[in-house]
There are 2 protein chains.
Amino acid sequence: MHAYMNIKKSARISHDFWETTTEAGMFDIVAAGLGEGRHRSLADGHEFVNMSSYSYLGLDTHPKIVQGAIDAVRAEGALNTSTSRMRIRFAALRDAEDALSELFDVEAVTVASCAAAAWASLPLLASGLLTDGTPPLMVFDKNAHFCLNAMKPNVADEAPLTTIRHNDVDALEDLCRQHPQVAYIADGVYSTGGKAPVEELLRLQEKHGLFLFFDEAHGISTVGERGRGAVLETMGGINDRTLIITSLNKGFGASGGAIFLGRKGSPARRDVALRNGGPLMWSQRINTAGLGAVLASAELHRSDELPLLQRRLQRNIDLFDSLLPTGLSGDGLPIRFVDIGSEDATVRLAQALLERGYYASPIFFPVIARGKAGLRLMLRANMSAAEIEDFCRQLKELRDRHV
Amino acid sequence: MHAYMNIKKSARISHDFWETTTEAGMFDIVAAGLGEGRHRSLADGHEFVNMSSYSYLGLDTHPKIVQGAIDAVRAEGALNTSTSRMRIRFAALRDAEDALSELFDVEAVTVASCAAAAWASLPLLASGLLTDGTPPLMVFDKNAHFCLNAMKPNVADEAPLTTIRHNDVDALEDLCRQHPQVAYIADGVYSTGGKAPVEELLRLQEKHGLFLFFDEAHGISTVGERGRGAVLETMGGINDRTLIITSLNKGFGASGGAIFLGRKGSPARRDVALRNGGPLMWSQRINTAGLGAVLASAELHRSDELPLLQRRLQRNIDLFDSLLPTGLSGDGLPIRFVDIGSEDATVRLAQALLERGYYASPIFFPVIARGKAGLRLMLRANMSAAEIEDFCRQLKELRDRHV
């Protein structure tokens, strides 16, 4: 027991900070969307800019995507087929998966969320069904996303499992030398900032046959040709020793999650996943609204608008880095962590920022280590230079006062 | 390893039947919806009635629910808030959870699917956070749904775990005598038919303090006052030693899943779940289309239309039972299993039925035991008597020929 999880202990450790944060009014804000990442609190009418929105390209309120969602519901006349997707599916589901496969040149299947994608694919990878029948040694990066870590007990029931330090390529190579089949489980872009050392990992793949599993929830759309993300942009294209899961909310601006199973046109691997991939087998799917949004977003990703939005995002990242240097400055990614340390000071700072019109997420254990609290900021293409400048000024002023 | 799962072994056992079924054209039919559970295959224009649709009241194509979905997307102007629901949520999410709490007189939270509800609540229950800090002995019914069983490794990392025979109340009572805290994990209505012995389980709860965990994915809407399902209808109302998860697709006709945490107005339990319940903590939520559908369906559940639809469903169940007696006849539930035995004969029968205009799901291992294959039928309120009569006639004729 408690080999991987200890919910009671986590609850005890995080309890005080949840209470403080809730009292500070920094949780559960019910708000109307005003577009461009702006919200109005329904409780008091207070308007604020969301500085921690993961809609990196601003696609969540893109008129074409919202309309795509509405059109698909109307066209299919229902939110789902009321039968497992394995049996009867709407054209919207086929078309959305075809569009994703085409866009990223992969074999894509969709599920209800990125976490469901982890559930569908991690035990499957551990089973050995994707590695010639041999369960690989499953090596987790210590900082892999919570939804990957939460699958550890399931993975450990199918394969040997170990966890290594963050981005520790040397330790990983040692394991590759000792074991015939190794799979590495990591985020492409980490939700608290930074990315995987993809080039070095590809070198291990080339040399030792390492299988690579990436969560690209924060990489897709944000960077890369046609928004293919940090991993595929470095790889050039997927291969059959790599599996990528992603969110289709977040940067992509639609709903649900996806699994990129390998090269486009891999019917055998697709069948293995659909027949044995947990949530894929049950009645799990993105509803027709989400599928319509996926289709519209995929079209937008193929258009000239995408590089334009990516350039605007990069310009905003550069502006932010020039005004408020952090440990992550210059990495070209939109996630910035402003280290504060004390949980209390972090909450007070966030509260003061909100009063001045900016929501910035206070982040603490179990998302990151205890005593390392701070603000997670997420830059967007649809922030104005004036917003970023004013926010940085306010943040610096308040940080000097509160910390 | 393989204490709970063995995906490679399951894949080997089920492989041949998947192949046969796929060759027979009984999987992955891409179809347009024609309303009233009717579909048209896009490949060949063949029209058929879905005799295995879990939209028991026919709500999946109800105009008010479909319109509710569209209206909510338009009103919020996005599919989600692009931030964790714990931080900023739309009014649609608050309103949908309030409406569910009100409708079923429970403390309801929503998640992306019923499986996500299992993930959010089973390890939480195992942790002891819902049972005064003591992790309960987690007793699974052998026939509990796959999505509950798939959580066994996670549960076993938090609490002792055992599995008992289907509906074995005596074995459960023995365990209650031996252990101070016991939780029983079962379906309210089983996806392959039949239900939990709720009255006897309540007796054990009364006598020994047994905690009851039910998956009511197939019970909600289908039966009970205002569609509260088989469990709540028997209980009269939820109590704080009972937790219910459900789908909001299926009978409810919307999208996603829900957790009924206890009595309405249980903010402490709600906080415990939101802060420690896996998928509830991440960016998991029903999109605004699904939430709009939930709101519209909740309103419909409070109207005079619901008992009318439930009566139509009961009439159809009775008609079916009179024409084609099965082991489940007379239980008042819409799921009927027509036992065939041989996997091959089952597939041939289903194929012949589809040619005659009826889709009936062939069910086999791992959903049920090997060599016990058959057709899973699901009756709906929006089937005509003529449809049911003709289907039963065809099924009997073909069964005599194929089996």
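All figures in this text were calculated on a predicted structure; none of them were measured in a lab. (Residues numbered from 1 in each chain as written. Chains lettered and ligands numbered in written order. Predicted model: local features only at pLDDT ≥ 70, side-chain atom pairs only at ≥ 80, totals over all residues. Heavy atoms only, no water.)

**Brief notes about the overall build of chain A**
What counts here: For helices the rule is a DSSP run of H or I covering at least 4 residues; for strands it is a run of E covering at least 2, with both sets numbered from the N terminus onward. With C-alpha atoms as the basis for the radius of gyration, the globule rule is written as 2.2 Å multiplied by the number of residues raised to the power 0.38. Note on contacts: a residue pair qualifies if any of its non-hydrogen atoms lie within 4.5 Å across the two residues. Using a 1.4 Å probe, the Shrake-Rupley method yields the accessible areas, and only the shown protein chains count as cover for residues. Positive charge is attributed to Lys and Arg, negative charge to Asp and Glu, and no charge count is given to His or to the chain ends. The location of each charge is read from NZ of Lys, CZ of Arg, CG of Asp or CD of Glu.
Broken down by element type, chain A carries 14 helices and 15 strands. In terms of overall size, chain A behaves like a compact globule, its C-alpha atoms giving a radius of gyration of 21 Å where 403 residues would be expected to give roughly 22 Å. Over its C-alpha atoms, taken along the principal directions, chain A stretches across nearly 60 × 50 × 40 Å. Taking the contacts inside chain A whose residues are at least 6 apart along the sequence as the reference set, 71% of them involve residues at least 24 apart. As displayed, chain A has an accessible area near 13600 Å², and 47% of this comes from carbon and sulfur atoms. Across chain A, the 43 positively charged side chains and the 49 negatively charged ones have centroids separated by 1 Å.

**Quick word on helix 7 (residues 169–178) of chain A**
Residue and element names in this part refer to chain A. Convention followed: Residue exposure (1.4 Å probe, protein chains only): buried if accessible area is under 20% of the type maximum, exposed if over 50%, otherwise partly exposed. Arc, as used here, means the arc of the directions from the helix axis to the C-beta atoms.
Taken residue by residue, helix 7 has Val169, Leu172, Glu173, Leu175 and Cys176 as its buried positions. Buried positions in helix 7, seen along its axis, are confined to an arc of 160° and lie on one side of it. Among the exposed residues of helix 7, those oriented more than 90 degrees off its buried face are Asp170, Arg177 and Gln178. On the buried face of helix 7, the contacting elements are strand 6 (137–141), strand 7 (161–164), strand 8 (182–187) and helix 8 (198–208).

**Digging into helix 3 (residues 91–104) of chain A**
Residues and elements named next belong to chain A. For clarity, the threshold we go by: One fewer than the residue count of a helix, multiplied by 1.5 Å, yields its expected span.
Its 14 residues give helix 3 an end-to-end C-alpha distance of 20 Å, which sits within 8% of 20 Å, the value for a rise of 1.5 Å per residue. Those residues of helix 3 that sit buried are Ala91, Ala92, Leu93, Ala96, Glu97, Ala99, Leu100, Ser101, Leu103 and Phe104. Two residues or fewer past helix 3, Asp105 is found with a positive phi of approximately 55°.

**Quick notes on the domain arrangement of chain A**
Residues and elements named next belong to chain A. The cut-off we apply is this: Each domain's limits were defined by an automated method or a database of domain assignments. The term buried area means the drop in 1.4 Å probe accessible area that two parts suffer when joined, counted for both and summed.
Domain boundaries assigned for chain A yield domain 1 (7–50 + 304–402) and domain 2 (63–301). The C-alpha centroid of domain 2 is placed 27 Å from the C-alpha centroid of domain 1. With 18 residues of domain 1 at the interface, the matching set in domain 2 holds 17 residues. Between domain 1 and domain 2, roughly 1300 Å² of surface is buried when both sides are summed, and carbon and sulfur atoms account for 68% of that area.

**Topic: the packing of helix 1 (residues 7–23) of chain B against helix 13 (residues 343–355) of chain B**
Residues and elements named next belong to chain B. Note the following rule: To obtain an axis, a line is fitted to C-alpha atoms, over the contacting stretch when the element is a helix, and the angle between two such axes runs from 0 to 180 degrees between their N-to-C directions. To sort the angles, those under 35 degrees are grouped as roughly parallel, those over 145 as roughly antiparallel, those from 65 to 115 as roughly perpendicular, and the leftovers as oblique. Each crossing is labelled by how the near helix is turned from the far one, with a counterclockwise turn of less than a right angle marking it left-handed and a clockwise turn marking it right-handed. Residue classes follow a fixed rule: Ala, Val, Leu, Ile, Met, Phe, Trp, Tyr, Cys and Pro count as nonpolar, while Asp, Glu, Lys and Arg count as charged, and any other residue, Gly among them, counts as polar.
Where helix 1 meets helix 13, the closest approach of the two axes is 10 Å, and the angle between their N-to-C directions is 20°. With respect to helix 13, the element helix 1 is oriented roughly parallel. Relative to helix 13, the crossing made by helix 1 is right-handed. Residues Phe17, Thr20 and Thr21 of helix 1 touch helix 13, and the partners they reach there are Glu343, Asp344 and Val347. Class assignment for the residues of the contact of helix 1 with helix 13 results in 2 nonpolar, 2 polar and 2 charged.

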